[in-house]
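# Observations on the model geometry
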Amino acid sequence: FVHHPRTERLLSRVSSGEDFGAATGVDAAFTILGHDDFMRNNIRVKRDADFQGCVGDLGWYCIRLAQLAFRRAGFGAAKSARATDWKLNGEGVPIEASCSVTFGADDASDAEDGGGGPDPALTFRCSYLHPWEQRGEVRGARRTAEVLGYVTPKEGTVSFRVTS
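Keep in mind that this is a model prediction, so the values were computed, not measured.

## Remarks on helix α3 (residues 53-72)
Compared with an ideal rise of 1.5 Å per residue, which puts 20 residues at 28 Å, α3 spans 29 Å between its outermost C-alpha atoms and is within 8% of the ideal. Turning to α3, its buried residues number three or more, namely G53, C54, D57, L58, G59, C62, L65, A66, L68, A69 and F70. The first or second residue beyond α3 is G74, which carries a positive phi of 95°.

## Overview of the nonpolar core
One finds V26, L122, F124, Y128 and Y150 to be the most contacted residues of the largest nonpolar core, which totals 36 residues. At the level of secondary structure, the elements contributing two or more residues to this core comprise α1 (5-14), β1 (23-33), α3, β3 (94-105), β4 (121-127) and β6 (144-148). Per-element accounting of this core gives the leading share, eight residues, to α3. In this structure, Y150 is in contact with F1, R6, A28, A29, F30, Y61, C62, L65, Q134, R135 and G136, ignoring residues within four places of it in sequence.

## A short note on the pattern of salt bridges
Oppositely charged side chains may form a pair once their charged atoms are brought near each other. Applying the stated criterion to the full structure yields nine salt bridges. A salt bridge links D19 to R143; its shortest N-O distance comes to 2.7 Å. Of this pair, D19 sits in the loop between α1 and β1 while R143 sits in the loop between β5 (129-140) and β6, and the two are 124 residues apart along the sequence. Judged by its relative accessible area of 26%, R143 falls in the partly exposed class.

Calculation notes
- Residues numbered from 1 in each chain as written.
- Predicted model: local features only at pLDDT ≥ 70, side-chain atom pairs only at ≥ 80, totals over all residues.
- Heavy atoms only, no water.
- Helix = DSSP H or I, 4+ residues; strand = E, 2+ residues; numbered from the N terminus.
- Expected span 1.5 Å × (residues − 1).
- Buried < 20%, exposed > 50% of the residue type's maximum accessible area, 1.4 Å probe, protein only.
- Core = buried A, V, L, I, M, F, W, Y, C linked by side-chain atoms within 4.5 Å.
- Contact = heavy atoms within 4.5 Å.
- Salt bridge = Lys/Arg side-chain N within 4 Å of Asp/Glu carboxyl O.

The following block contains the structure:
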(Lines give C-alpha, C1' and ligand atoms only; values in the text may rest on other atoms or scores of the structure.)
Protein backbone atom coordinates (compact mmCIF):
# COMPACT_ATOMS: atom_id res chain seq x y z
CA PHE A 1 0.00 0.00 0.00
CA VAL A 2 2.94 2.33 0.56
CA HIS A 3 3.48 2.68 -3.18
CA HIS A 4 -0.19 2.98 -4.18
CA PRO A 5 -1.03 6.42 -5.66
CA ARG A 6 -3.91 6.79 -3.18
CA THR A 7 -1.44 6.68 -0.29
CA GLU A 8 0.51 9.62 -1.71
CA ARG A 9 -2.75 11.58 -2.21
CA LEU A 10 -3.77 10.80 1.37
CA LEU A 11 -0.39 11.83 2.78
CA SER A 12 -0.37 15.05 0.77
CA ARG A 13 -3.79 15.93 2.12
CA VAL A 14 -3.06 15.12 5.76
CA SER A 15 0.21 17.04 5.63
CA SER A 16 -1.48 20.23 4.41
CA GLY A 17 -1.07 22.10 7.68
CA GLU A 18 -3.47 24.98 7.07
CA ASP A 19 -6.28 22.76 5.78
CA PHE A 20 -5.86 19.57 7.78
CA GLY A 21 -3.76 20.61 10.75
CA ALA A 22 -0.90 18.66 12.25
CA ALA A 23 -1.48 14.91 12.44
CA THR A 24 -2.25 14.13 16.07
CA GLY A 25 -3.40 10.54 15.90
CA VAL A 26 -3.95 7.46 13.80
CA ASP A 27 -6.48 4.71 14.45
CA ALA A 28 -6.18 1.58 12.34
CA ALA A 29 -7.52 -1.94 12.12
CA PHE A 30 -6.53 -4.92 10.02
CA THR A 31 -8.37 -8.18 10.68
CA ILE A 32 -9.01 -11.43 8.86
CA LEU A 33 -11.10 -14.38 9.88
CA GLY A 34 -8.74 -17.33 9.98
CA HIS A 35 -10.45 -20.58 9.03
CA ASP A 36 -9.77 -23.78 11.00
CA ASP A 37 -6.89 -24.93 8.81
CA PHE A 38 -5.27 -21.48 9.01
CA MET A 39 -5.55 -21.41 12.81
CA ARG A 40 -4.00 -24.89 13.10
CA ASN A 41 -1.36 -24.94 10.39
CA ASN A 42 -0.44 -21.50 9.05
CA ILE A 43 3.11 -20.30 9.64
CA ARG A 44 1.70 -17.05 11.10
CA VAL A 45 0.29 -18.87 14.14
CA LYS A 46 3.30 -21.11 14.87
CA ARG A 47 5.65 -20.21 17.71
CA ASP A 48 8.67 -21.72 15.95
CA ALA A 49 7.87 -19.93 12.67
CA ASP A 50 6.34 -16.47 13.33
CA PHE A 51 6.00 -15.90 17.05
CA GLN A 52 4.73 -12.34 16.52
CA GLY A 53 1.47 -13.68 15.08
CA CYS A 54 -1.14 -11.13 14.06
CA VAL A 55 0.99 -8.22 15.35
CA GLY A 56 3.91 -9.07 13.07
CA ASP A 57 1.65 -10.00 10.16
CA LEU A 58 -1.27 -7.54 10.20
CA GLY A 59 -0.22 -4.99 12.82
CA TRP A 60 2.82 -3.78 10.95
CA TYR A 61 0.56 -2.35 8.22
CA CYS A 62 -1.17 -0.24 10.87
CA ILE A 63 2.21 0.88 12.22
CA ARG A 64 3.44 1.75 8.74
CA LEU A 65 0.39 3.95 8.08
CA ALA A 66 1.14 5.91 11.26
CA GLN A 67 4.85 6.19 10.44
CA LEU A 68 4.03 7.67 7.04
CA ALA A 69 1.47 10.16 8.40
CA PHE A 70 3.55 11.28 11.36
CA ARG A 71 6.75 11.61 9.33
CA ARG A 72 4.94 14.04 7.01
CA ALA A 73 4.00 16.09 10.09
CA GLY A 74 7.63 16.29 11.25
CA PHE A 75 7.57 13.54 13.85
CA GLY A 76 10.16 10.83 14.16
CA ALA A 77 10.31 7.25 15.29
CA ALA A 78 8.12 5.49 17.79
CA LYS A 79 9.20 6.11 21.36
CA SER A 80 6.90 3.70 23.21
CA ALA A 81 4.64 0.79 22.36
CA ARG A 82 2.37 -1.46 24.36
CA ALA A 83 -0.26 -4.09 23.88
CA THR A 84 -3.36 -3.10 25.80
CA ASP A 85 -5.37 -6.25 25.17
CA TRP A 86 -4.53 -9.55 23.50
CA LYS A 87 -5.44 -13.16 22.98
CA LEU A 88 -2.85 -15.89 22.48
CA ASN A 89 -3.28 -19.29 20.88
CA GLY A 90 -2.15 -22.53 22.56
CA GLU A 91 1.43 -21.92 21.38
CA GLY A 92 1.53 -18.45 22.95
CA VAL A 93 1.31 -16.62 19.61
CA PRO A 94 -0.88 -13.48 19.44
CA ILE A 95 -4.00 -14.09 17.37
CA GLU A 96 -5.70 -10.86 18.42
CA ALA A 97 -4.23 -7.66 19.83
CA SER A 98 -5.06 -4.04 20.56
CA CYS A 99 -1.99 -1.83 20.80
CA SER A 100 -0.88 1.76 21.22
CA VAL A 101 2.28 3.42 19.96
CA THR A 102 3.51 6.93 20.82
CA PHE A 103 5.75 8.82 18.43
CA GLY A 104 8.18 11.64 19.21
CA ALA A 105 9.34 14.66 17.25
CA ASP A 106 12.58 14.54 15.26
CA ASP A 107 13.14 18.04 16.58
CA ALA A 108 10.35 19.52 18.72
CA SER A 109 10.93 22.96 17.22
CA ASP A 110 10.35 21.58 13.72
CA ALA A 111 7.09 19.77 14.41
CA GLU A 112 4.01 21.63 13.15
CA ASP A 113 2.63 22.11 16.63
CA GLY A 114 5.93 23.60 17.81
CA GLY A 115 6.49 20.73 20.18
CA GLY A 116 3.95 22.10 22.63
CA GLY A 117 1.21 19.53 22.17
CA PRO A 118 1.00 15.91 23.17
CA ASP A 119 2.98 13.37 21.21
CA PRO A 120 1.02 11.83 18.36
CA ALA A 121 -0.27 8.32 18.98
CA LEU A 122 -1.36 5.30 17.02
CA THR A 123 -3.99 2.91 18.33
CA PHE A 124 -4.57 -0.25 16.36
CA ARG A 125 -6.32 -3.59 16.41
CA CYS A 126 -5.23 -6.68 14.51
CA SER A 127 -6.80 -10.10 14.61
CA TYR A 128 -7.23 -13.48 12.98
CA LEU A 129 -10.56 -13.88 14.81
CA HIS A 130 -12.76 -11.31 13.04
CA PRO A 131 -14.02 -10.78 9.49
CA TRP A 132 -12.00 -8.81 6.98
CA GLU A 133 -11.41 -5.20 8.00
CA GLN A 134 -8.86 -2.72 6.72
CA ARG A 135 -9.52 0.74 8.06
CA GLY A 136 -7.24 3.66 8.73
CA GLU A 137 -8.07 7.06 10.16
CA VAL A 138 -5.66 9.98 10.43
CA ARG A 139 -6.75 12.73 12.82
CA GLY A 140 -5.49 16.25 12.34
CA ALA A 141 -6.07 19.39 14.36
CA ARG A 142 -8.90 20.45 12.01
CA ARG A 143 -9.92 17.42 9.94
CA THR A 144 -9.98 13.63 9.92
CA ALA A 145 -9.23 11.40 6.93
CA GLU A 146 -10.62 7.87 6.75
CA VAL A 147 -9.48 5.26 4.27
CA LEU A 148 -11.06 1.83 3.87
CA GLY A 149 -9.19 -1.07 2.32
CA TYR A 150 -5.93 0.81 2.77
CA VAL A 151 -3.65 -2.24 2.54
CA THR A 152 -5.17 -4.01 -0.46
CA PRO A 153 -7.68 -1.64 -2.05
CA LYS A 154 -10.48 -3.28 -3.96
CA GLU A 155 -11.53 -1.97 -7.34
CA GLY A 156 -13.54 1.21 -6.89
CA THR A 157 -12.34 1.83 -3.31
CA VAL A 158 -9.18 3.78 -4.03
CA SER A 159 -10.35 6.99 -2.40
CA PHE A 160 -10.49 8.35 1.10
CA ARG A 161 -12.92 10.61 2.91
CA VAL A 162 -12.02 13.81 4.77
CA THR A 163 -14.38 15.23 7.39
CA SER A 164 -14.21 18.23 9.67
